[in-house]
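These are the residues of each chain, in order.
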Amino acid sequence: MNSATPREAETALLACCGSRRWARRVAAHRPYPDLDALLAACDEAAYDLSPGDLAEALAREPLDPPATHHGAPRATYVAAHTALRAAHAAYESRFGHTFVVCLDGIAPDEALDHRLTALRSRLGNDPEEERAVAAEELRRLARGRLTRLALRHARAAAQNPSADTAQTATEAATQAVAGHSRPDSPYVPV
């Protein structure tokens, strides 16, 4: 992150949070002495998201294909995904934006239940309260994504010290943005 050009850093950061202002702000404060300082800047920029920045970030959150059912009976899996799609549609209708929830620390076999419970619970929020909850979930998502990006970058640098690691990280982030591959994104197509 520190050795990347501003444009490369912003591209990598956009894979973590879809707000251009957030990405520019985090990139502008480089160099960071360590991951903790980078994450602190990530948090600070996330706390300052305007309603427009939040809307931009939410609009850039991709829909991912459904996760596997981890051994659950097929009928249970289909029923749960049907309920999730219905709750997701109700959420988007009520709040006008996609649903986000950070699944860091949630076991894969519990993720579907966690998403459905969070969706149902948050449908009762008023729009202003939900905007604050969605902003916090985006902050948590960005923090986890940035941590994973930094760790992948560090592993790549350790495995191939002669490679241009700034370019490698930027390419990985660009592929993630282009392919909408965010394994932590909890969406099911509606």
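Report on the accompanying structure. Because the structure is a prediction, the values reported are computed rather than measured. (Residues numbered from 1 in each chain as written. Predicted model: local features only at pLDDT ≥ 70, side-chain atom pairs only at ≥ 80, totals over all residues. Heavy atoms only, no water.)

## A look at the pattern of salt bridges
Move 1: Summed over the entire model, instances satisfying the criterion amount to 12 salt bridges.
Move 2: The shortest N-O distance in the salt bridge between Arg25 and Asp48 comes to 2.5 Å. Highlighted residues: Arg25 in helix α2 (residues 20-28) and Asp48 in the loop between α3 (35-47) and α4 (51-59), separated in sequence by 23 residues.
Move 3: Residues joined in a network through salt bridges with shared partners are Asp43, Glu136, Arg139 and Arg143. (Salt bridge = Lys/Arg side-chain N within 4 Å of Asp/Glu carboxyl O. Helix = DSSP H or I, 4+ residues; strand = E, 2+ residues; numbered from the N terminus.)

## Observations concerning the packing of aromatic side chains
Move 1: Under the criterion given, the structure shown has two aromatic pairs.
Move 2: An angle of 50° between the planes, with centres 4.8 Å apart, marks the rings of Tyr91 and Phe95 as tilted. You can see Tyr91 and its partner Phe95 sitting in helix α5 (residues 74-95), four residues apart, about one turn around the helix.
Move 3: Summarising the aromatic geometry, the rings of Tyr91 and Phe99 are spaced 5.1 Å apart at their centres and angled 80° between planes, so their arrangement reads as edge-to-face. For the pair formed by Tyr91 and Phe99, the shared burial category is buried.
Move 4: Each member of the aromatic cluster is reached from another via a ring pair, and the members are Tyr91, Phe95 and Phe99. (Phe/Tyr/Trp six-rings, centres within 6.5 Å; stacked < 30°, edge-to-face > 60°. Buried < 20%, exposed > 50% of the residue type's maximum accessible area, 1.4 Å probe, protein only.)

## Quick notes on the packing of helix α1 (residues 6-14) against α2
Any two packed helices are characterised by how steeply their axes cross, that is the angle between the axes, and by the distance between the axes.
Move 1: For the pair α1 and α2, the least separation of the axes is 9 Å and the interaxial angle reads 130°. One element, α1, and the other, α2, form an angle in the oblique class. Crossing hand, α1 versus α2: right-handed. Counting all contacts with α1, which are made through Pro6, Ala9, Glu10, Leu13 and Leu14, the residues of α2 involved are Arg20, Trp22, Ala23, Arg24, Val26 and Ala27.
Move 2: Class assignment of the residues belonging to the contact of α1 with α2 gives a composition of eight nonpolar, no polar and three charged. (Axes fitted to C-alpha atoms, helices over the stretch in contact; angles between N-to-C directions. Parallel < 35°, antiparallel > 145°, perpendicular 65-115°, else oblique. Left-handed = near helix turned anticlockwise from the far one by under 90°. Contact = heavy atoms within 4.5 Å. Nonpolar A, V, L, I, M, F, W, Y, C, P; charged D, E, K, R; others polar.)

## Some words on the nonpolar core
Move 1: Counting 45 residues, the largest nonpolar core has Met1, Leu13, Trp22, Val26 and Leu146 as its most contacted members.
Move 2: Going through the elements one at a time, α1, α2, α3, α4, α5, α6 (108-122) and α7 (127-159) are the ones with two or more residues in this core.
Move 3: The residues contacting Met1, other than those within four sequence positions of it, are Ala9, Ala12, Leu13, Arg30, Leu38, Leu146, Leu149 and His153. (Core = buried A, V, L, I, M, F, W, Y, C linked by side-chain atoms within 4.5 Å.)

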